[in-house]
Amino acid sequence: MVRRSIGRPGIGQIDPFLMLDEFTGSSAEGAGFPDHPHRGFKTVSYGIEGEKHHEDFLGNSGVIKAGGVQLMTAGRGIIHSEIPGKEVATGLQLWVNLKSQYKMVEPNYQELNKSQMTTAKTDGVKVVIIAGESMGKRSEIRTLTPSYYLDFKVAPGATHKQSIPKGWTAFCYTLKGSVSFGRNLKNVPAHHTVVFEKDGDEVEFSNNGNEEGRFVLIAGEPTGEPVEQYGPFVMNTKRGARGSD
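Residues numbered from 1 in each chain as written. Predicted model: local features only at pLDDT ≥ 70, side-chain atom pairs only at ≥ 80, totals over all residues. Heavy atoms only, no water.

Asks: Residue-level account of the overall build of the chain, with values.
Replies: Scanning the chain from terminus to terminus reveals one helix and 24 strands. The C-alpha atoms of the chain give a radius of gyration of 18 Å, which matches the 18 Å a tight globule of 245 residues would have. In terms of overall dimensions, the chain has C-alpha extents of about 55 × 40 × 35 Å along its principal axes. Counting every position in the chain, which comprises 245 residues, the buried fraction comes to 49%. For the chain, restricting intrachain contacts to residue pairs at least 6 apart in sequence, the fraction spanning at least 24 positions comes to 70%. Carbon and sulfur atoms make up 48% of the accessible area of the chain, which totals about 11800 Å². Computed over 28 positive and 28 negative side-chain charges, the inter-centroid distance for the chain is 1 Å. (Helix = DSSP H or I, 4+ residues; strand = E, 2+ residues; numbered from the N terminus. Rg over C-alpha atoms; globule rule 2.2 N^0.38 Å. Buried < 20%, exposed > 50% of the residue type's maximum accessible area, 1.4 Å probe, protein only. Contact = heavy atoms within 4.5 Å. Areas by Shrake-Rupley, 256 points an atom, 1.4 Å probe, with all protein chains shown as cover. Lys, Arg positive; Asp, Glu negative; His and termini not counted. Charge placed at Lys NZ, Arg CZ, Asp CG, Glu CD.)

This is how it looks when you write it as structure tokens:
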């Protein structure tokens, strides 16, 4: 099963983000993505439960387990596969656009397991810092497109403010429980998306429910460039997306 947050009718691409999917399934059920290509952007795969196996035509292979992350810069092009294990796996995959100067770089990976992730906590709020910074700590992950990717867990009654560079695109996707954003918003239940205005420099959130809330906060600097997408090919022109440039 795939739940799409952005990159769908109603909430399309929001520069620099092309798509965010939450997937759940197992290889025993026939889930997974056999060999397929990518070009011109970066994928960020984050494990929540279970594990997912990946390999590519360059000979790279590995396993993304719960709490681990893989960033794959497709650059000029790569063919790879992503298959969950026999037990049910859940995870997120984010597609991040690249500026034109990086679209034809050599494909490359960054991978961290759960024990290598940067974490922080304060007053009932815990965060895994996949990319960017929070609570005075910064991720080791390097991003060609400046961005934040933060996995928050919020205890009942807790509240927090997360700084975001002004002018960046920012959105949240809820995973568990419910979370309230801003001062006047209703509680947002699991598997929903909130897109924020670009004129602020922080996101305020709280948990007014009776169980822990969990969500990811994703923010990035817009590329400000044209986007032409042809399936898994994302370039700046139609010719480029169809492989003619």
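Asks: Help me get a handle on the sheet that holds strand S4 (residues 41–49), residues and values and all.
Replies: If you walk across this open sheet you meet the six strands as S1-S2-S9-S4-S7-S10, and the pairing is antiparallel. At either end of the open sheet lies a strand with only one pairing partner, and these are strand S1 (2–6) and strand S10 (108–112). Ignoring which end each strand starts from, the neighbouring axes of this sheet average 15° apart. Across five bridges, the pairing between S4 and strand S7 (residues 69–73) is antiparallel. Among the inter-strand pairings, Ser 45 is bridged to a residue of S7, identified as Gln 70. (Pairing = 2+ DSSP bridges. Axes fitted to C-alpha atoms, helices over the stretch in contact; angles between N-to-C directions.)

Asks: Could you give an account of the packing of aromatic side chains, naming the residues involved and the relevant values?
Replies: The way to describe two aromatic rings as a pair is by their centre distance and the angle between their planes. One pass over the structure, following the stated rule, counts nine aromatic pairs. A ring pair is formed by Tyr 46 and Tyr 149, whose centres lie 6.1 Å apart and whose planes are at 65°; its orientation type is edge-to-face. Within this pair, whereas Tyr 46 is found in strand S4, its partner Tyr 149 is found in strand S15 (residues 147–154), the two being separated by 103 residues in sequence. Tyr 149 gets classed as buried once you look at its relative accessible area, which sits at 2%. Taking the centre distance of 5.3 Å and the plane angle of 75° together, the rings of Tyr 148 and Trp 168 count as edge-to-face. Taken together, the residues Tyr 148 in strand S15 and Trp 168 in the loop between strand S16 (159–163) and strand S17 (169–176) connect sequence positions 20 residues apart. On the basis of relative accessible area, Tyr 148 is assigned to the buried category, the value being 10%. On the basis of relative accessible area, Trp 168 is assigned to the buried category, the value being 12%. Taken together, the aromatic side chains of Phe 152, Phe 181, Phe 196, Phe 205 and Phe 215 make up a single cluster linked through ring pairs. (Phe/Tyr/Trp six-rings, centres within 6.5 Å; stacked < 30°, edge-to-face > 60°.)

Asks: How would you sum up the sheet that holds strand S20 (residues 193–195)? Please name residues and give values.
Replies: In spatial order, the strands read S11-S12-S15-S22-S17-S20; together these six strands make up an open sheet with antiparallel pairing. Each having just a single partner strand, strand S11 (118–122) and S20 make up the two edges of the open sheet. Averaged over all neighbouring strand pairs, the angle between strand axes comes to 20°, with direction disregarded. Pairing of S11 with strand S12 (residues 125–131) involves five bridges; the strand directions are antiparallel.

Asks: Explain the nonpolar core to me, using residue names and the numbers behind them.
Replies: Core analysis: the biggest nonpolar cluster contains 25 residues, and Leu 20, Leu 92, Leu 94 and Tyr 149 have the highest contact counts within it. Looking at this core, the elements with two or more residues in it are strand S2 (17–25), S4, S7, strand S9 (89–97), S12, S17 and strand S22 (213–220). Beyond its immediate sequence surroundings of up to four residues, Tyr 149 is in contact with Leu 20, Val 44, Tyr 46, Leu 92, Leu 94, Val 128, Ile 129, Ile 130, Ala 131, Val 216, Leu 217 and Ile 218. Counting residues in hydrophobic clusters, the runner-up holds 23 residues, among them Ala 120, Val 127, Val 179 and Phe 205. (Core = buried A, V, L, I, M, F, W, Y, C linked by side-chain atoms within 4.5 Å.)

Asks: Give me the environment of Asn 187: which residues, what numbers.
Replies: Looking at the element boundaries, Asn 187 is found in strand S19 (residues 187–189). For Asn 187, a relative accessible area of 35% corresponds to the partly exposed category. Sequence-wise, Asn 187 and Gly 12 are 175 residues apart; in three dimensions their C-alpha atoms are separated by 23 Å.

Asks: Quick one: what's the story with the pattern of salt bridges, residue by residue and with numbers?
Replies: Enumeration over the complete set of coordinates arrives at seven salt bridges. Close ionic contact of Arg 76 with Glu 106 constitutes a salt bridge, the shortest N to O distance being 3.0 Å. Taken together, the residues Arg 76 in the loop between S7 and strand S8 (78–84) and Glu 106 in the loop between S9 and S10 connect sequence positions 30 residues apart. On the basis of relative accessible area, Glu 106 is assigned to the exposed category, the value being 52%. Put simply, Lys 161 and Glu 202 hold a salt bridge, and the shortest N to O gap is 3.9 Å. Of this pair, Lys 161 sits in strand S16 while Glu 202 sits in strand S21 (residues 202–206), and the two are 41 residues apart along the sequence. (Salt bridge = Lys/Arg side-chain N within 4 Å of Asp/Glu carboxyl O.)

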